[in-house]
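# Coordinate analysis (summary)
Okay, here's what each chain looks like letter by letter:
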Amino acid sequence: VKVTRPRSPAAARSRDETLLAAIVADPDDVTRRLVYADLLEERGDPRGELIRLQLTEPMNPRVAQLLTASWSSFAGELAPFSGPWAFHRGFVEKVQMTIAAFAKHGERLFSTYPLQELEIRQQFTARQLDQLATARGVRLVRKLRLLSIHSTSLSPLWQADFGALRELDVLVCEEGHQQLFASLAAPR
């Protein structure tokens, strides 16, 4: 893939945004990630090296070095919801958020970055699950992990639009779980 150099910083930013949007639209396309890595490496940005290594040599010790040194700057605005463990294929792909934080930021973050997984690790109520189910960003989540030390009915999630959901992990479940799982198209 040939990449032409933009003539201005605005053109470079636009090219970066276009490539990032393409990665978000098809997060499994490795080629787009490698093109983005090339652009970053041309500028001396170590994120390019991270993307390339996590795609080609994920066990390379250099991956751990890069993440130890720079994970929060690589994560940017996702840093409060992630850590070095959240990076896969060069990007933050997993976030841990409260239901309130997801309701507030989820749609924007999941449509801006190639996020795949949302983990909710809190004691949640039926009202909070209703807030999760009606959050606009829930349709973009590919993997949802619900972890709580207290049982609650999952029935509020029946109404959720899990359009992209591929996997659902539930650590705590009480009544209503059969109906929830039956209502989903094809979770793993």
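Before reading on, note that the structure itself is shown above.
So, a few notes on the structure that sits alongside this text. This one's a predicted model, so the numbers in the text were calculated from it and none came from an experiment.

What follows covers the overall build of the protein chain. The helix and strand inventory of the protein chain stands at seven helices and six strands. Along its sequence from the N terminus, the protein chain presents helices and strands in the succession α-α-α-α-β-β-β-α-β-α-β-β-α. The buried share of the protein chain, reckoned over its 188 residues, is 45%. Residue pairs at least 24 apart in sequence account for 48% of intrachain contacts in the protein chain once pairs closer than 6 positions are excluded. For the protein chain, the exposed surface amounts to about 10000 Å²; the carbon and sulfur share of it is 52%.

Turning our attention to the pattern of salt bridges. Summed over the entire model, instances satisfying the criterion amount to 23 salt bridges. The partner of Glu-117 in a salt bridge is Arg-145, and the shortest N-O contact between them spans 3.7 Å. Here the residue Glu-117 occupies a position in strand 4 (residues 117–121), and Arg-145 occupies one in strand 5 (residues 143–147), the gap between them amounting to 28 residues. A relative accessible area of 12% means that Glu-117 is categorised as buried. What makes Arg-145 partly exposed here is its relative accessible area of 21%. Here Arg-145 and Asp-169 are joined by a salt bridge, their closest N and O atoms 3.0 Å apart. Residue Arg-145 is found in strand 5, and its partner Asp-169 is found in strand 6 (residues 167–170); the two are separated by 24 residues along the sequence. What you see here is one network of salt bridges that share partners, running through Lys-94, Glu-117, Glu-119, Arg-121, Lys-143, Arg-145, Glu-167 and Asp-169.

Time to look at the packing of helix 5 (residues 99–112) against helix 6 (residues 126–134). One can describe the packing of helix 5 onto helix 6 by two numbers: an axis separation of 9 Å at closest approach and a directional angle of 20 degrees. Taken together, helix 5 and helix 6 sit at an angle that is classed as roughly parallel. Every pair of crossing elements has a handedness; the one defined by helix 5 and helix 6 is left-handed. Side by side, helix 5 and helix 6 meet where Ile-99, Ala-100, Phe-102 and Ala-103 of the first sit next to Gln-128, Leu-129, Gln-131 and Leu-132 of the second. Across the contact of helix 5 with helix 6, the residue classes break down as six nonpolar, two polar and no charged.

Let us now look at the packing of aromatic side chains. This model, assessed by the stated rule, comprises three aromatic pairs. Measuring from centroid to centroid gives 6.5 Å for Phe-74 and Phe-87, while their planes differ by 75 degrees, and the two rings are edge-to-face. Of the two residues, Phe-74 sits in helix 4 (residues 61–75) while Phe-87 sits in strand 1 (residues 87–88), which places them 13 residues apart along the sequence. According to the relative accessible area criterion, Phe-87 is buried, its value standing at 7%. Ring geometry for Phe-102 and Phe-110: centres 5.8 Å apart, planes at 80 degrees, overall edge-to-face. Owing to a relative accessible area of 1%, Phe-102 belongs among the buried residues under this scheme.

Right, let's talk about the sheet that holds strand 3 (residues 94–96) for a bit. In a beta sheet, neighbouring strands pair by backbone hydrogen bonds and run either parallel or antiparallel. Reading across the sheet, the four strands line up as 3-4-5-6 and stay open at both edges, with parallel pairing between neighbours. Whereas interior strands pair on both sides, the edge strands pair on one side only; in this sheet they are strand 3 and strand 6. Across the sheet, the mean angle from the axis of one strand to that of its neighbour is 10 degrees, orientation sign disregarded. Where strand 3 and strand 4 come together, three bridges link them in parallel fashion. Bridge pairing links Val-95 to Leu-118 in strand 4.

Rules of the game
Residues numbered from 1 in each chain as written. Predicted model: local features only at pLDDT ≥ 70, side-chain atom pairs only at ≥ 80, totals over all residues. Heavy atoms only, no water. Helix = DSSP H or I, 4+ residues; strand = E, 2+ residues; numbered from the N terminus. Buried < 20%, exposed > 50% of the residue type's maximum accessible area, 1.4 Å probe, protein only. Contact = heavy atoms within 4.5 Å. Areas by Shrake-Rupley, 256 points an atom, 1.4 Å probe, with all protein chains shown as cover. Salt bridge = Lys/Arg side-chain N within 4 Å of Asp/Glu carboxyl O. Axes fitted to C-alpha atoms, helices over the stretch in contact; angles between N-to-C directions. Parallel < 35°, antiparallel > 145°, perpendicular 65-115°, else oblique. Left-handed = near helix turned anticlockwise from the far one by under 90°. Nonpolar A, V, L, I, M, F, W, Y, C, P; charged D, E, K, R; others polar. Phe/Tyr/Trp six-rings, centres within 6.5 Å; stacked < 30°, edge-to-face > 60°. Pairing = 2+ DSSP bridges.

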